[in-house]
Amino acid sequence: HVGALADFSSALITLTSMLPERTSLSQASFFLLAGAADIAGKQPTFTELKEALGPAINRSLHSTYRALLTPSRTVPYGAGLLERQENPYDNRQKILKLTPKGREIFAALILEMKGTAHEAEAQD
């Protein structure tokens, strides 16, 4: 588990340099999980992601994750990285998906992480 935790920590550190300046650790963690689920073809809901992050992080997420969403009338300040879509199987749920801008950041993160992994292997 130590290796996975180190990878997650490295990803968060790298991601924070790519996200808008005022992005919190909770928001970055939420984006990382939402993006990974979307890339894997899953259809995560806010509740599922919030539960996956655990109680230490999820206290502030309900009000702050909106900063990652596509700007709209109800979220005019959104960063445009995630969008909410209605779940076709349960219209009470909203699925979170990466926007094209969110996909670009996620792809850049993956490339950066691969480069970091190759550098670490070269040093061994």
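In what follows, the accompanying structure is described.

The rules behind the values
Per-chain numbering applies: the sequence of each chain, read as written, is numbered from 1 onward. With the structure being a predicted model, the display of local features is reserved for residues of pLDDT at least 70 and the display and counting of side-chain atom pairs for 80 or more, all residues being used for whole-chain, interface and lining totals. Side-chain calculation: all heavy atoms of the structure are included, whereas hydrogens and water are not. Take the buried Ala, Val, Leu, Ile, Met, Phe, Trp, Tyr and Cys residues and link them wherever side-chain atoms come within 4.5 Å; each set so joined is a nonpolar core. For the exposure calls, accessible area comes from a 1.4 Å probe over protein chains only, and a residue counts as buried if that area is under 20% of its type's maximum, exposed if over 50%, partly exposed in between. Helix and strand labels come from DSSP, where a helix needs a run of H or I of at least four residues and a strand needs a run of E of at least two; each type is numbered from the N terminus. Whether two residues are in contact is decided by their heavy atoms, any of which lying within 4.5 Å being enough. Helix span, expected: 1.5 Å multiplied by one less than the number of residues in the helix. Orientation is described by lines fitted to C-alpha atoms, with helices fitted over the stretch in contact, and by angles between N-to-C directions that extend from 0 to 180 degrees. When describing relative orientation, an angle under 35 degrees is termed roughly parallel and one over 145 degrees roughly antiparallel, while 65 to 115 degrees is termed roughly perpendicular and anything else oblique. Should the near helix be turned anticlockwise from the far one by less than a right angle, the crossing is termed left-handed; should it be turned clockwise, right-handed. Throughout this entry, Asp, Glu, Lys and Arg are counted as charged residues, while Ala, Val, Leu, Ile, Met, Phe, Trp, Tyr, Cys and Pro are counted as nonpolar. The remaining residues, Gly among them, count as polar.

Within the largest apolar cluster, 25 residues are counted, with the highest numbers of intra-cluster contacts made by Leu15, Phe30, Phe31 and Leu82. Elements with a minimum of two residues in this core: helix H1 (2-18), helix H2 (25-39), helix H3 (46-53), strand S2 (90-98) and helix H6 (100-123). The biggest single contributor to this core is H2, with 5 residues. Aside from chain neighbours lying at most four places away, what touches leucine 82 is Phe30, Phe31, Ala34, Leu68, Leu69, Thr70, Lys97, Leu98 and Thr99.

What follows covers H1. Compared with an ideal rise of 1.5 Å per residue, which puts 17 residues at 24 Å, H1 spans 25 Å between its outermost C-alpha atoms and is within 8% of the ideal. Those residues of H1 that sit buried are Ala11, Leu12, Thr14 and Leu15.

Their axes nearest at 10 Å, the elements H1 and H2 cross at an angle of 110°. With respect to their mutual orientation, H1 and H2 come out roughly perpendicular. The element H1 and its partner H2 pack so that their crossing is right-handed. Taking contact as the criterion, the partners of Phe8, Ala11, Leu12, Leu15 and Thr16 in H1 are, on H2, Leu25, Ala28, Ser29, Phe31 and Leu32. Considering only residue class, the contact of H1 with H2 consists of 8 nonpolar, 2 polar and no charged.

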